[in-house]
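# What the coordinates show
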Amino acid sequence: MTAMPVIAPGETAQSMTERICDITLREDKSVRTPLWWWIAFGLSLSLLGGGVVSVLWLFYAGLGIWGIDWPVAWGFDILNYVWWIAIASGGTFISALFFLLGVEWRTSLNRLAESLTLCAALCAAIFPILHLGRPWFFYWLFPYPNTMGLWAQFRSPLVWDFFAILAYVLCSTLFWYFGLLPDFATLRDRAQGRGQRVFYGILAMGFRGSNRQWRHYRPVYAVTAALMAPLVVSVHSIVGMDFAGAAATGWHSTQFPPFFVFGAALSGFAVVLLVLLPLRPLLGLQPYITARHIDVLGRLLLTSSLCVTYAYIMDAFSTFYGPDQADRTMFLIRVSGLYAPVYWGTVILNGVLPQLFWWRSFRLNPVLTWLICFGVLVGMWLERFQIIVTSLARTQLPSSWGQYTPTFWEWSLLFGTIGLFLTTFLLIVRLIPIVAMAEMRAMLRRPQ
Amino acid sequence: MIIASFATEVGLGKAATDLLSRNVGRVETYLGMEPQNDQEGSVLPAAMLCGGLAGGTGGFLMQVWATTISYPLNIGGRPDFSWPSYVPATFELAVLGAVLTGFIGYFVLAGLPHLYDPVDESDRMRQPMQGGYVLVVYPSDRAAVWNTLSAHAPIGVEETEE
């Protein structure tokens, strides 16, 4: 098999710097912000607007506008939270884990992937707060001295989750910004207009590439990457424990923490590919994000799909190997009951469809790859639906069985967060360098 | 100060080494990526370890104090001091402590934020972060600096006020 390059032949540090800066600075004044960006931004803003209306109505009318009720007290709020936070993980896996492994293809992708992490984590963080019912008291989760003499319940996985998300969002933001410091300095020094120089100058904080500044840069970046890798695994393990910690049928399983990590990797790689494939030609990134990157991400997606499929098989095996009749009934309800299409949709989209990536021609077909990644994201959403809703709707006591139907306001909030994700990401694409230029220069220095 | 730009990183490195060996003033190099042969270590990984230990220990002790002294609560008959359940928050706070220490420590040691420096007056200083190689000398012996630099064939040299 011929090895594909991680960067197009003939590319230099200068040509790369010019190309990446031009996306942000638009140095050639005759080249305006492209039309596709404005159309995408307009669509994203309208979705976001719908989400804002949904949140305002929620604040006014309360949680009754959602379809959650007894016994399904967790619905779209937790479902979408778990879905978004899993999507966020892809950036950290690529940026931190593959940095530690020293793989070269990671260099062109890490900024894009980290930016996706931040946008998705922002969307995820909204749901647990809104789900509180009285979101203005969200700070009660902080362990702060208060006149009520109360503390958070540290034995609860839900409080562990709060600490996990807090640490993850803060560390991801710092890691992202730290990686951006040299590139903001490049934009500052390249900008022609005063406004741009001031804007990027403030963001660069006075980074000039001095020996003193570089000496401490790499060690901090490397140690942070080494910490981010176990952090992302811990976050998704704790999300799994949110469920495993409850004595609910279908949730109370030691398999959940690794299962959720597998799912996070799958949806994380899928969203990176989903965004990367259209962005690559639109921004002219083909010299830096080559077929090699798409091929590698396709393989990673296939690997994580196999891990998730293993978890689905083990779920079925352990259910029938174990002694609990309620677990068996729950499994049969999942595969043949009211929500059976959700279960089979999950299996097909997450387990079966990505098997096409065994063939290189499929991995390198952008349209097919995009469709499979989109299918995986839908599949991961369906997986969360079947985990959360089916277990709650079919409790151990048949007299307590219920049903869950999401309302318009839940759907509008979901699409509102998709709008938030796209809006923030489009702003990032427009305002910051989407490829890590300083790291690319160091890579270009090495013989290819 | 004397500001010189070079065509290659090797040229910059040789000139800086020569100037330092002649002890003709303080030398600072500027380039747009990590230096290739930087042998000097950093104290920040050790500081991050300490920050992580402080974050983790502080987080653990906070949970011990909250659940055994300040607000003991019987949850399913579990002991007040149920340390295994403190582990997740302890780990998260340890990571947060380490990363915050690294980030703040970096800003302190790298002298940031530092929005203005007299070197910014030179247009040559816009080159390093775009892929150029620049050296700044704060000379104690101007003539010696000029002589040394000319031996290393810089692509441009200028002198500005400090």
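Residues numbered from 1 in each chain as written. Chains lettered and ligands numbered in written order. Predicted model: local features only at pLDDT ≥ 70, side-chain atom pairs only at ≥ 80, totals over all residues.

### Quick look at the overall build of chain B
Note the cut-off: Where helices and strands are cited, they refer to DSSP runs of H or I of at least four residues and of E of at least two residues respectively, numbered from the N terminus. Radius of gyration: C-alpha atoms only; globule rule: 2.2 Å multiplied by the number of residues to the exponent 0.38. The burial label depends on the number of other C-beta atoms within 10 Å of a residue's C-beta. Counts of 20 or more mean buried, 12 or fewer mean exposed, and intermediate counts mean partly exposed, with C-beta atoms placed from the backbone. Note that contacts rest on C-beta atoms placed from the backbone: two residues are in contact if these are within 7 Å.
Of the regular secondary structure elements, chain B holds four helices and four strands. N-terminal to C-terminal, the α/β element order of chain B is β-α-β-α-α-β-α-β. The C-alpha atoms of chain B give 25 Å as radius of gyration, which overshoots the globular expectation for 162 residues (15 Å, by more than 25%). Taken along its principal axes, the extent of the C-alpha atoms in chain B is 80 × 30 × 30 Å. Within the span of chain B, comprising 162 residues, buried residues form 40% of the whole. Taking contacts inside chain B between residues at least 6 apart in sequence as the whole, the part at least 24 apart equals 84%.

### Some details on the overall build of chain A
The secondary structure content of chain A amounts to 15 helices and zero strands. Expressed as lengths along the three principal axes of its C-alpha atoms, the size of chain A is roughly 70 × 60 × 40 Å. Residues counted as buried form 48% of the 448 residues belonging to chain A. A sequence separation of at least 24 residues applies to 82% of the contacts in chain A between residues at least 6 apart.

### Let's talk about the confidence of the model for chain B
Rules: pLDDT: the predictor's confidence for each residue, scored from 0 to 100.
Summing up the model confidence of chain B, the mean pLDDT is 91 and the portion of residues at 70 or higher is 99%. For this predicted complex, the interface score ipTM comes out at 0.93, while the overall pTM is 0.93.

### What to know about the sheet that holds strand β1 (residues 2–6) of chain B
Residue and element names in this part refer to chain B. To keep it simple, the criterion reads: One bridge is not enough; two strands pair if DSSP finds at least two bridges between them. Every axis corresponds to a line fitted to the C-alpha atoms, with the helix fit spanning only the stretch in contact, and the corresponding angles, defined between N-to-C directions, vary from 0 to 180 degrees.
Overall, antiparallel pairing links the four strands, which are arranged β2-β3-β1-β4 in an open sheet. At either end of the open sheet lies a strand with only one pairing partner, and these are β2 (25–31) and β4 (156–159). Strand after strand, the sheet turns through a mean of 15° between neighbouring axes, direction not considered. Running over the sheet, helix α4 (residues 142–150) touches β1, β2, β3 (133–139) and β4 and is turned about 155° from β3.

### Examining the domain arrangement of chain B
Defined as follows: Annotation comment: domain bounds sourced from an automatic or database domain assignment.
Domain annotation for chain B reports domain 1 (2–33 + 131–159) and domain 2 (44–109). Using only C-alpha atoms to locate each centre, domain 1 of chain B and domain 2 of chain B end up separated by 47 Å.

### Here we look at the interface of chain B and chain A
Note the cut-off: For this classification, the nonpolar set comprises Ala, Val, Leu, Ile, Met, Phe, Trp, Tyr, Cys and Pro, the charged set comprises Asp, Glu, Lys and Arg, and every other residue, Gly included, is treated as polar.
Each partner contributes to the interface: chain B provides 50 residues, whereas chain A provides 49 residues. Elements that contribute at least two residues to the side of chain B that touches chain A include exactly β2, α2 (44–70) and α3 (87–109) of chain B. Among the elements that take part in the side of chain B that touches chain A, α3(B) stands out by supplying 13 residues, more than any other. Split by residue class, the side of chain B that touches chain A holds 30 nonpolar, 13 polar and seven charged.

### Quick look at the UniProt feature "transmembrane region" (unreviewed entry) in chain B
Put simply, the rule is: UniProt positions are given in the numbering used here, feature names are shortened, and annotations may be inferred rather than shown by experiment.
Taking the numbering used here, the UniProt-annotated feature "transmembrane region" (unreviewed entry) corresponds to residues 43–66 and 86–109 of chain B. End C-alpha atoms of residues 86–109 of chain B are separated by 34 Å, and the span's content is 96% helix alongside 0% strand.

### Brief notes about the nonpolar core
For clarity, the threshold we go by: In this usage, the nonpolar core is the set of buried Ala, Val, Leu, Ile, Met, Phe, Trp, Tyr and Cys residues whose C-beta atoms join them within 7 Å.
Core analysis: the largest hydrophobic core is formed by 175 residues, its most contacted members being I85(A), A120(A), V272(A), V95(B) and L135(B). For this core, the two domains that each supply at least three residues are domain 1 (2–33 + 131–159) and domain 2 (44–109) of chain B. Those residues within four positions of I85(A) in sequence are excluded, and the remaining contacts are A121(A), A124(A), V235(A) and V239(A).

### Structural notes on helix α9 (residues 291–321) of chain A
Owing to its 3.6 residues per turn, the α-helix aligns residues three or four sequence positions apart on the same side. Residue and element names in this part refer to chain A. Applied cut-off: One less than the number of residues in a helix, times 1.5 Å, gives the span that helix is expected to have.
When the terminal C-alpha atoms of α9 are compared, their 44 Å separation across 31 residues agrees well with the 45 Å that a helix rising 1.5 Å per residue should span. Among all positions of α9, only H293, I294, V296, L297, G298, L300, L301, L302, S304, S305, V308 and A311 are buried. On its buried face, α9 sits against α4 (106–131), α8 (256–282), α11 (340–352), α12 (360–363) and α13 (366–393).

### Examining the environment of M314(A)
Residues and elements named next belong to chain A. Examined against the element boundaries, M314 turns out to sit in helix α9. When the 15 C-beta atoms within 10 Å are taken as the criterion, M314 is described as partly exposed. A sequence separation of 189 residues divides M314 from A125, and the C-alpha atoms of the two residues are 30 Å apart.

### Here's the deal with the environment of R360(A)
Residue and element names in this part refer to chain A. Among the secondary structure elements, R360 is positioned in helix α12. Classification of R360 by C-beta neighbours within 10 Å gives partly exposed; the count is 13. Measuring from C-alpha to C-alpha, the distance between R360 and G298 comes to 8.8 Å, with 62 residues separating the pair along the chain.

### Comments concerning the packing of helix α1 (residues 13–25) of chain A against helix α5 (residues 157–190) of chain A
The packing of two helices is summarised by the inter-axis angle and the distance between the axes. Residue and element names in this part refer to chain A. Rules: Roughly parallel means an angle under 35 degrees; roughly antiparallel means over 145; roughly perpendicular covers 65 to 115; every other angle is labelled oblique.
Where α1 contacts α5, the two axes come as close as 11 Å, and the packing angle between them is 80°. By the angle between their axes, α1 is roughly perpendicular relative to α5. Facing T17, C21, T24 and L25 of α1, the residues of α5 in contact are T186, L187 and R190. Looking at side-chain class alone, the contact of α1 with α5 contains three nonpolar, three polar and one charged residues.

### As for the environment of T186(A)
Note on placement: T186(A) falls in helix α5. Here T186(A) falls in the buried class, since 28 other C-beta atoms lie within 10 Å of it. As a C-alpha pair, T186(A) and Y200(A) span 14 residues in sequence and 8.7 Å in three-dimensional space. Non-local contacts of T186(A), meaning those with residues more than four positions away in its chain, are made with T17(A), C21(A), M437(A), G32(B), M129(B) and Q130(B).

### Details of the packing of α11(A) against α13(A)
Residues and elements named next belong to chain A. Applicable threshold: Rotating anticlockwise by less than a right angle from the far helix to the near helix defines a left-handed crossing, while the corresponding clockwise rotation defines a right-handed one.
One can describe the packing of α11 onto α13 by two numbers: an axis separation of 8 Å at closest approach and a directional angle of 145°. Where α11 crosses over α13, the two elements pack in a sense that is left-handed. In this structure, α11 contributes V342, Y343, G345, T346, L349 and N350 to the contact, and α13 contributes G375, V376, V378, G379, M380, L382, E383, F385 and Q386. Looking at the contact of α11 with α13 residue by residue, the class counts come to eight nonpolar, six polar and one charged.

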